[in-house]
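# Results of the structural survey
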Amino acid sequence: MDFSFSPEEKALADSFRDFLKREVLPKEGELKQRFAETDGESEELRSEVLAMRRRSAELGFYAVDIPTDLGGGGLSYVGQALLREVAGSTGSFTAVACLSGPEGPTALLKGFTPALRERLVPPFLRAEISGCFALTEPDAGSDNQSMRTRADRDGDGWIINGTKHFITNGQHADFVQVYAITDAGKKAAGGVTAFVVEKGTEGFTVGKSQPVIYSGEGPCELVFDNVRVPEENVIGDVGMGFYNAMSFLTGGRANIAAMCVGFGDYLLRTSVEYASNRVQFNKPIGKMQGISFQLADMSLEVEMARLLTYKMAWLADQGEPLVQAAAYSKLFATEMVGRAADTAIQVHGGIGLTRELGLERIYRFMRVMRIVEGTSEIQRYLIGKSLGL
């Protein structure tokens, strides 16, 4: 088992790091006050983030994890984890947005028909358009097999009816990758199909916004009222959408884990620097056992999360099953970074609570990570199931 990086992966990570330092972090620094005032929710800030994302795509970073036959970089899973750790280690949300997320290209593109590939993939890889992943429903969260959205055959196409909610980037997406029941008798075992629904399609509307603890790409409802799509808009095989969705979620868990490792490293470095310079009772607070032990524990947990994450990435590169490994890494990394953010605020004291410093925004963002792409409870369920329980 070898987690070492190839010369090419190291060079790519160095180039990405240089891009972030040269172009992204200075711009985010200029806009820091606006981020603090609006919590990132303004068209001005959104435009700036999109510009950085497109610049990342221009330089070959944004879609670097997409297979080469689709126009991406074909980067290894270990390399992907490295880039996401690099992004998170800056503590910058804009840096994270420079790599593909829920709004961007994923391995699901492999299931696109030739017509969809020709029409959507090139601008998607250039970050000129965005998408979203629509699986969750009001009565089908963790229990996504209970979805009620249906798709019924209608001649040479399909009619989709239903409502999705908590859909990241839903209000901005140019197209939706939506999951619907196509055979109620089979349900997940061959009865769920994925479709592309493009913005402007008759009967498709964006419902109410659903503000959450962290803003960013705020979620919303999506409503499908007799939405007709052609056969060419089916993603993959009819009836195989549930397996398609689980593959997406496994990949998403891997990405989240690597990003959390990066943010954990950022929080550790920031806290160590502050504890080394903040003097109380005539000495740096880092010299006090009550502080140093907290930071020692944070360092330990960051490294444990890193090892779990890179083991998972290495297994993926070997073609091994990832359900258990992805659950291990996503569960531990997201819970680790939540504790790290809490500790970082505690170490910084009163200033840690201010918007100016930005730790409270990281704290809120990281709290979301224990919910999305499968809750901590679902990860524990998957681990227990892998043990035969």
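What counts and what doesn't
- Residues numbered from 1 in each chain as written.
- Predicted model: local features only at pLDDT ≥ 70, side-chain atom pairs only at ≥ 80, totals over all residues.
- Heavy atoms only, no water.
- Helix = DSSP H or I, 4+ residues; strand = E, 2+ residues; numbered from the N terminus.
- Buried < 20%, exposed > 50% of the residue type's maximum accessible area, 1.4 Å probe, protein only.
- Polar contact = N/O pair within 3.5 Å; in protein donor to acceptor, adjacent residues only side chain to side chain.
- Patch = residues over 30% accessible without salt bridge, like charges linked within 9 Å, V, L, I, M, F, W, Y side chains within 5 Å.
- Areas by Shrake-Rupley, 256 points an atom, 1.4 Å probe, with all protein chains shown as cover.
- Salt bridge = Lys/Arg side-chain N within 4 Å of Asp/Glu carboxyl O.
- Contact = heavy atoms within 4.5 Å.
- Core = buried A, V, L, I, M, F, W, Y, C linked by side-chain atoms within 4.5 Å.
- Pairing = 2+ DSSP bridges.

## Observations regarding the environment of Ser 276
Mapped onto the elements, Ser 276 comes out in helix H7 (residues 241-277). Residue Ser 276 is classed as partly exposed on the basis of its relative accessible area, which comes to 45%. Along the sequence, Ser 276 and Ala 97 sit 179 residues apart, while their C-alpha atoms lie 31 Å from each other. Within the local environment of Ser 276, its side chain forms a polar contact with the backbone oxygen of Val 272, the two atoms lying 2.8 Å apart.

## A short note on a nonpolar patch on the surface
Together, Phe 166, Val 212 and Ile 213 give the surface a local cluster of nonpolar side chains, amounting to about 270 Å² of exposed area. Tracing the sequence through the fold places Val 212 in the loop between strand S6 (204-209) and strand S7 (220-230).

## Describing the side chain of Lys 164
Inspection of the secondary structure puts Lys 164 in strand S3 (residues 157-167). By relative accessible area, Lys 164 is classed as buried at 0%. For Lys 164, the side chain forms a polar contact with the main-chain oxygen of Tyr 179, separated by 2.8 Å. Those residues in contact with Lys 164 that sit more than four places away from it in its chain are Ala 134, Leu 135, Thr 136, Glu 137, Met 147, Thr 149, Val 178, Tyr 179, Cys 220, Glu 221, Leu 222 and Phe 224.

## Quick notes on the nonpolar core
Residues Phe 16, Phe 263, Leu 267 and Met 366 are the most contacted members of the largest nonpolar core, which totals 54 residues. For this core, the elements supplying multiple residues, two or more each, are helix H1 (7-30), helix H4 (77-89), helix H5 (93-97), H7, helix H8 (289-317), helix H9 (323-348) and helix H10 (359-368). Once you skip the residues sitting within four places of it in the chain, Leu 267 turns out to touch Met 298, Val 337, Ala 340, Ala 341, Ala 344, Leu 359 and Ile 362. Grouped together as the second largest cluster of nonpolar side chains are 28 residues, Ile 66, Leu 120, Ile 181 and Ala 194 included.

## So, the pairing of strand S4 (residues 175-181)
The element S4 is largely enclosed, with a buried count of 7 among its 7 residues. Burial of S4 is two-sided: the residues Phe 175, Gln 177, Tyr 179 and Ile 181 facing one way and the residues Val 176, Val 178 and Ala 180 facing the other way are all buried. In the sheet, strand S1 (residues 131-134) pairs with S4 via 4 bridges, with the strands oriented parallel. Following the sheet pairing, Phe 133 is matched in S4 by Gln 177. Of the pairings in the sheet, the one linking S4 to strand S5 (residues 192-198) comprises 7 bridges and is antiparallel in character. When the sheet's bridge partners are listed, Val 176 is paired in S5 with Val 197.

## A closer look at the pattern of salt bridges
Tallied over the full model, the rule gives 23 salt bridges. For Lys 27, the salt bridge goes to Glu 30, with nearest N and O atoms at 3.3 Å. Residue Lys 27 and its partner Glu 30 are both found in helix H1; the two are separated by 3 residues, about one turn of the helix. Judged by relative accessible area, which is 24%, Lys 27 ranks as partly exposed.

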